[in-house]
Amino acid sequence: MKTPPIVSAEDWEAARAELLVREKEVTRAKDALAAERRRMPWLAVEKQYFFDGPRGRVSLPELFEGRRQLIVYRAFLEPGVFGWPDHACRGCSLVADQVADVAHLNARDTTLVFVSRAPQPDISRVKARMGWTMPWYTMTDSFDADFGVDEWHGTNVFFRSDDRVFRTYFINNRGDEAMGGTWSYLDLTPLGRQENWEDSPSGYPQSAPYAWWNWHDAYENQASGQTSSQVSSP
């Protein structure tokens, strides 16, 4: 293994400062990309979809749990997948292992769920074994084929306005590698992090950083949203 050169503390700090300039450029570029994502057109979901959950069958709008934004990760946990019946696939399990406490997303009017083809008893068993706590539902129809996740994992983002649901974004392949952290998920959504430094369309809900942050066990009940601001549907 050919290692980099060993230098003095002064030279190391200089090299770090030089790299930091480029890192900040990447951060600003990612912020700009997220701002463009918030301005993407929406696709109305006209078809009905249903899922089996721990408390019975639910529709796609019910997956939102009263919130306006929904992130759906398609995980491969089902017969025919390597690792079955003890595990989900290795890659999807790696994604699941990285998911932060969903209370932070919930506080931003956002629900995260995983969906698979396995029956609920099997999903509950594997979740308990692996220590996963995110909501996880069973697909019962063509949801996976219709949203590009029948043959490969992927993350779909939806927005709910009254009784209408819209698809706002989709990412898969290496794009899913960044998923798991609260900020990464919020940057995919049409409302973003909802903080006042962001470049968002007029009328979008925003508040100061830190003002809404909390311990994951200390958030107030915000299941139906934390702001009075309204975003008009197309």
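Note that this is a predicted model, so its numbers are computed, not measured.

Thresholds applied
- Residues numbered from 1 in each chain as written.
- Predicted model: local features only at pLDDT ≥ 70, side-chain atom pairs only at ≥ 80, totals over all residues.
- Heavy atoms only, no water.
- Phe/Tyr/Trp six-rings, centres within 6.5 Å; stacked < 30°, edge-to-face > 60°.
- Buried < 20%, exposed > 50% of the residue type's maximum accessible area, 1.4 Å probe, protein only.
- Helix = DSSP H or I, 4+ residues; strand = E, 2+ residues; numbered from the N terminus.
- Lys NZ or Arg CZ within 6 Å of the ring centre and 35° of its normal.
- pLDDT = per-residue confidence, 0-100.
- Contact = heavy atoms within 4.5 Å.
- Pairing = 2+ DSSP bridges.

Caption draft 1: Inspection of the packing of aromatic side chains at higher detail. Taken as a whole and assessed by the stated rule, the structure comprises 14 aromatic pairs. With a centroid separation of 5.4 Å and 25° between ring planes, the pair formed by Trp132 and Trp136 is classed as stacked. Of the two residues examined, Trp132 and Trp136, each falls in the buried class. For the pair Trp183 and Trp212, a centre-to-centre distance of 6.0 Å together with 85° between the ring planes defines the contact as edge-to-face. Here Trp212 lies in the segment after α7 (182-186) and Trp183 lies in helix α7, a separation of 29 residues in the sequence. Judged by relative accessible area, which is 32%, Trp183 ranks as partly exposed. Linked through ring pairs, Tyr49, Phe51, Phe143, Phe147 and Phe158 together constitute an aromatic cluster. In this arrangement the basic side chain of Arg74 is found over the ring face of Phe76, its NZ or CZ atom lying 3.7 Å from the centre.

Caption draft 2: Molecular detail of the confidence of the model for the chain. Summarising the model, the chain shows a mean pLDDT of 93, and 94% of its residues fall at 70 or more. Low confidence marks residues 222-229, where pLDDT is under 50. Its contacts with residues over four positions away, or in another chain, come to 18 contacts.

Caption draft 3: Spatial organisation of the pairing of strand β7 (residues 154-161). Among the eight residues that make up β7, eight are buried, leaving the element largely enclosed by the rest of the structure. Burial along β7 is two-sided: the face carrying Gly154, Asn156, Phe158 and Arg160 and the face carrying Thr155, Val157, Phe159 and Ser161 are both buried. Inspection of the sheet shows strand β4 (residues 69-74) paired to β7 by six bridges, in the antiparallel sense. Bridge pairing in β7 places Ile71 opposite Val157. Pairing analysis gives eight bridges linking β7 to strand β8 (residues 164-172), with the strands arranged antiparallel. Residue pairing for β8: Thr155 is matched across the bridge by Ile171.

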